[in-house]
Amino acid sequence: MMRRFLRDNALSLGFGLLFLLSLGGQAFAGLADYNDTRLSHAAEPIGLLDYLTSADFAVDVAENWQSEYLQFFLYVFATVWLLQRGSPESKPAGRASLETDKEQQIGPHSTADSPKWARTGGWRTGIFSMSLGLVMLGLFLLSWLAQSVAGMSAYNAEQLTEFGDPESWFGYLASAGFWNRTLQNWQSEFLAIGSMAVFSVYLRQRGSPESKPVGAPHHVTDESGGPNRGNGYPCGVGLTTTDRSVHDHHHETRPRLGDHRGPPRLRTDLQGIRVRQGR
């Protein structure tokens, strides 16, 4: 059971471990840098626990989280309507829409294996059909709020040590310092995700579902290089999404992730964190 659990969840567990290791490294490196700054101002250094509960650590963490979840949110919704020909990041031409209930397998077109809220219909299905984007939006807003509150606290603490006037939350939101920290994260996320969409048209990574098959033409869109691509058809070239689904059903195999599921896959930046939207 444990081996199967590890195998089935290796991607999330692997990146979860990398996240914890990176966060721990940031904590120790940030503490050393923070104490260096304090010593340069003739102040006493602080311990790790005090630093982990400080506004300085919180704002550094939250400002990265909010930019990542903003990227997720925008990409989930942007890929409903915006296309990039030849990129596995995009739906093929002609499918720039919310798609039909039949294509999305909801309501009367759902199956016995479909999630309960996909079968129910009404407002539950409506919410569930946008749940990934809404959760990403909520996480962005929460982390952005945390960044603003922690940033204000850190800024005011610095102001008090220099005998300056503290700033209100709205005043801090309107400050150049807040938007400088925010926009330097946003621009890097938008650059990375746009680069990934374009690079994936012309470049390949063998065996990765984030790439088209190595031999697929550059103009082929919404084609993955993972297992079951095309199911016997050379690289899946020439198959529409519907063709692949019918062929899979005929051979009693599960449809490829991404068939009839709305926006294809959600990618993050080049750092490698990935979230896939398909179900």
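Residues numbered from 1 in each chain as written. Predicted model: local features only at pLDDT ≥ 70, side-chain atom pairs only at ≥ 80, totals over all residues. Heavy atoms only, no water.

Chemist: What am I meant to see in helix H2 (residues 10-40) here?
Modeler: An α-helical segment advances 3.6 residues per turn. Residues three or four places apart therefore align on the same side. Helix length check: H2, at 31 residues, gives a terminal C-alpha distance of 45 Å against a target of 45 Å (1.5 Å per residue), a fit within 8%. When we look at burial in H2, the residues that qualify are Ala-27, Gly-30, Leu-31 and Asn-35. As for H2, its buried residues are in contact with helix H3 (48-52) and helix H4 (55-81). Of the residues flanking the end of H2, it is Ala-42, one or two places downstream, whose phi is positive at about 60 degrees. (Helix = DSSP H or I, 4+ residues; strand = E, 2+ residues; numbered from the N terminus. Expected span 1.5 Å × (residues − 1). Buried < 20%, exposed > 50% of the residue type's maximum accessible area, 1.4 Å probe, protein only. Contact = heavy atoms within 4.5 Å.)

Chemist: Help me understand the nonpolar core, please; the structure alone is not making it clear to me.
Modeler: Proteins that are soluble and globular tend to have nonpolar side chains buried together. In this structure, Leu-70, Phe-72, Phe-73, Met-136, Phe-140, Trp-144, Met-152, Tyr-172, Leu-173, Phe-178 and Trp-186 together form the largest nonpolar core, which totals eleven residues. Listing elements by their share of this core, those giving two or more residues are H4, helix H8 (131-161), helix H9 (169-173) and helix H10 (176-202). With four residues, H8 is the largest single contributor of residues to this core. Core analysis: the second largest hydrophobic core is formed by five residues, Leu-31, Tyr-51, Phe-57 and Val-61 among them. (Core = buried A, V, L, I, M, F, W, Y, C linked by side-chain atoms within 4.5 Å.)

Chemist: Would you mind showing me how to read H10 here?
Modeler: Its 27 residues place the ends of H10 39 Å apart at the C-alpha level, agreeing with the 39 Å of an ideal helix rising 1.5 Å per residue. Along H10, the positions that sit buried rather than exposed are Phe-178, Thr-182, Asn-185, Trp-186, Glu-189, Ala-192, Ile-193, Ser-195, Met-196, Ala-197, Ser-200 and Val-201.

Chemist: Looking at this structure, how should I read the packing of aromatic side chains?
Modeler: Aromatic ring pairs: the centre-centre distance and the angle between the two ring planes describe each pair. Here the structure, examined in full by the defined rule, presents 13 aromatic pairs. With centroids separated by 6.4 Å and ring planes inclined at 55 degrees, the aromatic side chains of Phe-140 and Trp-186 adopt a geometry described as tilted. Placement of the pair is Phe-140 in helix H8 and Trp-186 in helix H10, with a sequence separation of 46 residues. Each member of the pair, Phe-140 together with Trp-186, is buried. Here Trp-179 and Trp-186 contribute two aromatic rings whose centre-to-centre distance is 6.1 Å and whose plane-to-plane angle is 80 degrees, an arrangement assigned as edge-to-face. Taken together through their ring pairs, the aromatic side chains of Phe-140, Trp-144, Tyr-155, Tyr-172, Phe-178, Trp-179 and Trp-186 make up a single cluster. (Phe/Tyr/Trp six-rings, centres within 6.5 Å; stacked < 30°, edge-to-face > 60°.)

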